[in-house]
Amino acid sequence: MSSPAPEKGKIAPYTHPAAGWGALKYVAINLIKEKVAAGKYTLLFKQNQADGFDCPGCAWPDREHASTFEFCENGVKAVAAEATSKRVTPEFFAAHTVTSLMEQTDFELEQHGRLTHPMVYDAKSDKYRQIEWSEAFAMIGRHLKALDNPNRAAFYTSGRASNEAAFLYQLFVRAYGTNNFPDCSNMCHEATSRGLPTTIGVGKATVLLDDFEHADTILIFGHNAATNHPRMLGELRECARRGARIVSINPLRERGMERFTSPQHPVEMLTGSSTKIASMFLQPKLGGDFALIKGMAKRLVEMDDVAVLHGHTRLIDVDFVREHTDGYEAFVEDLRAESWADIVAESGISYEDIDALTQVYAKGERVIACWGMGLTQHKNSVPTIQILSNLMMMRGNIGRPGAGLLPVRGHSNVQGNRTVGIEERPEQAFLDRLKEVFGFEPPRGHGYDVVKTIGAMLEGEVRVFVGLGGNFAAATPDTQRTFEALRQCDLTVNIATKLNRSHLVHGKDSLILPTIGRTEIDMQHGVAQGVTVEDSVCMVHVSFGMNAPASPHLRSETAIVAHMAEATLGSGKIDWLWYAQDYARIRDVIEKVLDGFENYNERVAIPGGFHLTPAANHRVWHTPSGKAEFKINRIDKDTPIHRARLAYGDDLLVMMTTRSHDQYNTTIYGLDDRYRGVFGLRRVVFINAADLARLGFKAGQKVDITSVWEDGIRRRVEDFELVEYDIPAGCVGAYYPETNPLVPLESTGDGCGTPTSKSVPVLLHLSK
Ligand SMILES: Nc1nc2c(c(=O)[nH]1)N[C@H]1C(S)=C(S)[C@@H](COP(=O)(O)OP(=O)(O)OC[C@H]3O[C@@H](n4cnc5c(=O)[nH]c(N)nc54)[C@H](O)[C@@H]3O)O[C@H]1N2
Ligand SMILES: Nc1nc2c(c(=O)[nH]1)N[C@H]1C(S)=C(S)[C@@H](COP(=O)(O)OP(=O)(O)OC[C@H]3O[C@@H](n4cnc5c(=O)[nH]c(N)nc54)[C@H](O)[C@@H]3O)O[C@H]1N2
Ligand SMILES: [Mo]
């Protein structure tokens with residue numbers, strides 16, 4: 001990545017509640033900065049409403065696409081970023097070589113605005129120049145047809161694409177002949193998508209928003225709602241005011257979990273009052289959740305033993321366990337055998353605190369467990385999701401009102417993308433249906449995920465990369481090797497709204513194909529098209545853009561996919577362009593291929609859309625045993641981190657890479673992280689006071705960070721300012737994507753392949 005610009009920042013603890021006036025002020029600043037045209041302000045009031053567009057900000061659901069405008073600072077930022085009046089034109093590209101653009105930070109690249117024309121890389125001038133759409137598609141077709149094996153191409157998806165675009169994309173890629181579908185999900189909730197089906201038969205949430213009205217206890221693991229899903233705080237506020245207990249399990253005491261001033265409630269806004277959100281905070285070590293939750297399960301069994309002894313009400317829901325589950329006896333036997341010393345050492349939480357948390361859990365009659373990246377980006381993430389699911393099963397907290405599991409998804413349609421077939425390990429039944437409906441034999445083997453795609457590029461096996469949105473070069477781990485991988489490709493194609501790193505780290509041939517965003521009107525043959533998306537609680541609803549496209553030369557994602565397919569495969573078997581003329585046609589075929597989409601076009605027209613109800617909600621379990629399954633996993637004490645600690649002792653720290661308040665993944669809107677008290681800089685390391693003292697460092701000093709891995713490759717980033725922070729000893733935190741060069745490609749979650757972005761073994765050295 002480009003060399004760091006010198007930063008002048010300020011560290012000042014944030015003492016106010018989350019949201020409230022602070023958020024509003026920043027919203028205003030953002031709109032001005034983005035120079036949104038006056039008429040477009042009304043856009044914000046059409047967000048997440050029945051006749052508006054689905055917010056591209058996140059996958060948090062909304063109440064029936066409610067009539068009251070739900071104010072969310074980050075949704076506004078996402079909309080403003082898309083509605084910006086700044087443009088990246090062919091003239092812009094003529095004025096900058098790719099090499100010179102590489103010198104700019106991700107923040108600077110984002111600031112240039114919206115892409116306006118399809119562009120092709122010209123090696124002689126080291127510049128992008130304008131290309132006709134037809135020529136661009138012909139180039140893609142030529143490259144793809146020239147490959148001796150379809151598995152030499154990889155097709156990335158970032159979770160913003162609509163169901164229609166994503167379905168057509170997977171159809172194209174499978175008709176072409178590969179299951180190489182790396183997607184953002186591989187780096188995100190993959191542990192959820194792999195772990196949950198093994199226990200409850202489905203990899204999705206088992207709750208709806210209404211369940212929050214009935215829950216009496218909400219456990220929130222590893223998730224920073226105030227920044228990443230601000231609208232969730234509104235829901236939690238109502239729960240807290242009703243007296244529900246909210247517990248935050250997070251190495252950091254995130255401000256938003258403490259107090260919240262609701263922008264939806266004028267009295268709170270005017271009086272400056274706020275609502276206390278969480279009543280209990282537990283701060284495990286990074287990656288310590290598996291041991292912690294196993295400790296809760298063990299403690300619950302012990303407490304249940306006592307209840308049996310005294311003839312009290314059982315703490316285990318024995319009816320649920322008997323009727324609905326498999327493997328309970330062996331699971332309990334394993335819990336009894338687990339040592340408390342290991343649980344405490346590996347979780348970083350004392351026995352007393354585990355006991356207190358278990359009491360809260362056991363008192364809850366209706367418990368919801370939510371989680372984010374804090375649980376999913378570790379080596380033991382799949383076991384962690386399994387044990388959490390099992391803990392909830394022990395008290396029958398699945399498939400009844402006010403209780404259930406809620407993985408809080410990131411990208412606004414990442415869940416829908418997977419539903420409609422963006423999956424490198426597709427189920428045979430799904431492929432059979434594709435074959436039945438479209439009459440071709442889809443590839444049957446597993447394709448490459450993100451990490452395997454990069455490996456295969458490095459080996460020279462994958463030669464063509466196509467990205468439907470996202471920023472593959474910056475979002476992925478091991479930056480230097482990923483750059484090397486992409487640069488070895490024959491062709492890289494990026495379908496994008498804005499300029500980003502992935503356009504600059506390119507193959508021999510390279511195309512940037514500009515597309516319209518979710519907030520813009522998608523006209524096909526004179527008719528404005530709606531697209532459909534699925535949120536975190538499995539509601540599918542329609543979204544209509546409201547703005548004129550940023551440039552008349554933009555094409556919709558669906559149209560671009562259709563043209564790529566036609567240029568590669570022709571229209572003999574599947575009439576790609578016909579589908580792209582009217583998206584209702586795509587929904588008709590989705591309905592034929594996938595269960596749950598009956599009368600898709602009619603049902604999605606109802607305000608609020610429809611629920612793709614997971615079978616687990618009805619206590620029907622799509623697992624091999626036909627029951628919800630208990631899974632046994634041991635606490636692993638021989639991981640690369642344990643081995644590194646043996647080698648380096650207490651110098652070895654474990655680092656999480658996380659989001660600041662002013663970013664959307666690799667899109668950097670600004671340099672502040674308001675709730676964590678960091679202003680004007682991003683190159684920081686959050687570190688415990690005791691670690692600072694022990695290592696002989698002082699807050700404010702600059703350090704270089706190196707990662708410790710067993711392959712001899714040097715991974716290092718420089719000049720990060722030490723910030724003293726309330727984070728468990730031995731753990732440090734820093735922002736992504738600046739620290740992605742430290743995440744080794746081979747360091748992935750067992751059973752999910754997710755880069756271990758929240759547990760990277762590192763050493764700190766004072767910068768020269
Ligand atoms: N504004 C904004 N909104 C976003 C995004 C964005 O970048 N900006 N990104 C979107 C996407 S794609 C996603 S996936 C979501 C991400 O939203 P989150 O899931 O909140 O992701 P992170 O910001 O990475 O932070 C994870 C949280 O986990 C905690 N954590 C880290 N390690 C551990 C651990 O070992 N155990 C526990 N218990 N906690 C831990 C961190 O302290 C932090 O509070 O947000 C989505 N929404
Ligand atoms: N170290 C570390 N790495 C991580 C993570 C972490 O916590 N730590 N988090 C991981 C997670 S959870 C995720 S989801 C990934 C995110 O990985 P990606 O989804 O690949 O990254 P984004 O930054 O969301 O992509 C932003 C780009 O998408 C394009 N874009 C925006 N809107 C649209 C649209 O409507 N259509 C199209 N075609 N393009 C659009 C813009 O050009 C923008 O530059 O990163 C992962 N990487
Ligand atoms: Mo994500």
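Sequence order as written defines the numbering, with residues in each chain counted from 1. The naming scheme follows written order: chains are lettered A onward, ligands numbered 1 onward. Only residues with pLDDT of at least 70 are given local features in this predicted model, and only at 80 or more are side-chain atom pairs given and counted; all residues enter the totals for whole chains, interfaces and linings. Where side-chain values are given, they derive from all heavy atoms of the structure, hydrogens and water being excluded.

Caption draft 1: Broad picture of the site of ligand 2. Near, as used in this document, describes a residue that has one of its heavy atoms within 4 Å of the molecule or strand being considered. Around ligand 2 lies a shell of 30 residues, among which Tyr156, Ala475, Glu557, Thr666 and Tyr736 are the nearest. For the purposes of these results, a polar contact is taken to be a pair of N or O atoms within 3.5 Å, where, inside protein, one atom must be able to donate a hydrogen and its partner to accept one; residues adjacent in sequence count only when each atom of the pair is a side-chain atom. Tyr156 has a polar side-chain atom sitting 2.6 Å from an oxygen atom of ligand 2. Contact distances for ligand 2 include 2.8 Å between an oxygen atom and a side-chain N or O atom of Ser158. Using the Shrake-Rupley algorithm and a 1.4 Å probe, accessible areas are obtained, with residue cover drawn only from the displayed protein chains. Taken by itself ligand 2 offers 930 Å² of open surface, and the protein chains cover 96% of this. Residues are sorted three ways: Asp, Glu, Lys and Arg are charged, Ala, Val, Leu, Ile, Met, Phe, Trp, Tyr, Cys and Pro are nonpolar, and all the rest, Gly among them, are polar. Along the lines of polarity and charge, the residues of the shell around ligand 2 split into 10 nonpolar, 15 polar and five charged.

Caption draft 2: Local environment of the site of ligand 1. By nearness alone, 30 residues border ligand 1, and Asn250, Glu254, Asp289, Gln663 and Asn665 come closest of all. The separation between an oxygen atom of ligand 1 and a polar main-chain atom of Asn224 is 2.8 Å. At a separation of 3.1 Å, a nitrogen atom of ligand 1 approaches a polar backbone atom of Thr227. Against a free-state accessible area of 920 Å², the protein chains account for coverage of 99% of ligand 1. Among the secondary structure elements, those contributing two or more residues to the shell around ligand 1 are α9 (225-228), α17 (373-376), β25 (653-658) and β26 (663-664). Here the shell around ligand 1 is built from residues that sort into nine nonpolar, 17 polar and four charged. Domain start and stop positions are those given by an automatic or database domain assignment. Both domain 3 (191-412) and domain 4 (640-766) contribute no fewer than three residues apiece to the shell around ligand 1. Helix and strand assignments come from DSSP, with helices taken as H or I runs of at least 4 residues and strands as E runs of at least 2, each series counted from the N terminus.

Caption draft 3: The sheet that holds strand β9 (residues 245-249), seen in detail. By this definition, two strands are paired if DSSP reports at least two bridges between them. Read from one edge to the other, the open sheet built from five strands follows the order β12-β9-β8-β14-β15, with strand pairing classed as parallel. Here the strands that pair on one side only, and so sit at the sheet edges, are β12 (280-282) and β15 (404-407). Direction aside, neighbouring strands of the sheet carry axes that sit 15 degrees apart on average. In the sheet, strand β8 (residues 217-221) pairs with strand β14 (residues 367-371) via five bridges, with the strands oriented parallel. Bridge pairing in β14 links Thr217 to Val367. In this description, a line fitted to the C-alpha atoms serves as the axis of each element, helices being fitted only across the stretch in contact, and the angle between N-to-C directions of two axes falls anywhere from 0 to 180 degrees.

Caption draft 4: Region of the structure containing helix α20 (residues 428-438). Here the term buried applies to any residue with accessible area under 20% of the maximum for its type, exposed to any over 50%, and partly exposed to those in between, with areas from a 1.4 Å probe on protein chains only. Inspection of α20 places Phe430, Leu431, Leu434 and Phe438 among the buried residues, and these make up the whole buried set. Down the axis of α20, the sector holding all buried residues measures 100 degrees, keeping them to one side. For α20, the elements touching its buried residues are α7 (163-176), α26 (576-581) and α27 (583-593). Gly439 sits one or two positions beyond α20 and adopts a positive phi of about 70 degrees. Each direction from the helix axis to a C-beta atom contributes to the arc, which is the arc of those directions. Throughout, a contact is declared for two residues whenever any of their heavy atoms are within 4.5 Å.

Caption draft 5: A look at the sheet that holds strand β5 (residues 119-122). On the basis of which strands lie adjacent, the open sheet formed by six strands has the order β6-β5-β18-β17-β16-β7 and mixed pairing. Only two strands of the sheet have a single partner each, and these edge strands are β6 (127-130) and β7 (153-157). Averaged over all neighbouring strand pairs, the angle between strand axes comes to 20 degrees, with direction disregarded. Note that β7 and strand β16 (residues 464-468) share five bridges and pair parallel. By the bridge assignment, Thr157 is partnered in β16 with Leu468. Most of the contacts of α7 go to β7, to which it runs at about 170 degrees, and overall it touches β7 and β16.

Caption draft 6: Representation of the nonpolar core within the structure. Joining through side-chain atoms within 4.5 Å is the link that ties buried Ala, Val, Leu, Ile, Met, Phe, Trp, Tyr and Cys residues into a set, and such a set is a nonpolar core. Formed by 61 residues in total, the largest nonpolar core has its most connected members in Phe167, Phe438, Leu511, Leu513 and Met564. Phe438 has contacts with Phe167, Leu171, Ile574, Tyr579, Val589 and Val593, leaving out every residue within four places of it along the chain. The next biggest cluster of nonpolar side chains, apart from the first, holds 55 residues, and it includes Leu315, Leu388, Leu391 and Met394.

Caption draft 7: Spatial organisation of the packing of aromatic side chains. Ring pairs are drawn from Phe, Tyr and Trp, using the six-membered ring of Trp, whenever the two centres fall within 6.5 Å, and their geometry is named by plane angle: stacked under 30 degrees, edge-to-face over 60, tilted for the rest. Within the structure shown, the criterion is met by 23 aromatic pairs. An angle of 25 degrees between the planes, with centres 5.5 Å apart, marks the rings of Trp133 and Phe137 as stacked. Residue Trp133 and its partner Phe137 are located together in helix α6 (residues 133-146), separated by four residues, close to a single helical turn. Relative to Phe472, the ring of Phe465 has its centre 4.7 Å away and its plane inclined at 45 degrees; by these criteria the two rings are tilted. Judged by its relative accessible area of 1%, Phe472 falls in the buried class. Members of the aromatic cluster, each reached through a chain of ring pairs, are Phe155, Tyr169, Phe172, Tyr176 and Trp576. Sitting above the plane of the Tyr664 ring, Arg160 keeps its charged end 5.2 Å from the centroid. Criterion for a charge above a ring: Arg CZ or Lys NZ at most 6 Å from the ring centre, at most 35 degrees from the ring normal. Seen from the ring of Phe281, Arg253 lies directly overhead, with NZ or CZ sitting 4.0 Å from the centre.

Caption draft 8: Structural view of α7. Counted at 1.5 Å a residue, the expected span for α7 with its 14 residues is 20 Å, and the 20 Å between its end C-alpha atoms agrees. Here α7 lies mainly inside the structure; 13 of its 14 residues are buried. Expected helix span is given by 1.5 Å per residue-to-residue step, counting one fewer step than there are residues.

Caption draft 9: Spotlight on the side chain of Glu738. With respect to the element layout, Glu738 can be found in the loop between β32 (731-735) and β33 (760-766). A residue is classified by how much of its surface remains accessible, and Glu738, at 14% relative accessible area, is buried. A polar side-chain atom of Glu738 sits 2.6 Å from a polar atom in the side chain of Arg682. Apart from the residues within four sequence positions on either side, Glu738 is in contact with Arg682, Arg683, Val717 and Phe720.

Caption draft 10: Focus on the pattern of salt bridges. By definition, a salt bridge exists where a carboxyl oxygen of Asp or Glu is found within 4 Å of a side-chain nitrogen of Lys or Arg. Tallying each qualifying case throughout the model produces 51 salt bridges. For Arg314, the salt bridge goes to Asp304, with nearest N and O atoms at 2.9 Å. With Arg314 in the loop between α12 (289-309) and α13 (318-324) and Asp304 in helix α12, the pair connects residues that are 10 residues apart, well separated along the chain. The class of Arg314 is partly exposed, set by a relative accessible area of 38%. Among the salt bridges present, the one from Arg715 reaches Asp711, with a minimum N-O distance of 2.9 Å. Its relative accessible area of 3% is what places Arg715 among the buried residues. Overall, the relative accessible area of 31% leaves Asp711 in the partly exposed class. Members of the salt-bridge network, linked through shared partners, are Asp183, Glu190, Arg194, Arg418, Glu423 and Glu424.

Caption draft 11: Quick peek at the state of the cysteines. Sulfur atoms of two cysteines make up a disulfide when they are within 2.5 Å. A complete count under the given rule lists zero disulfides for this structure. Among the cysteines around Cys752, which has no disulfide bond, Cys188 carries the closest sulfur, lying 11 Å off.

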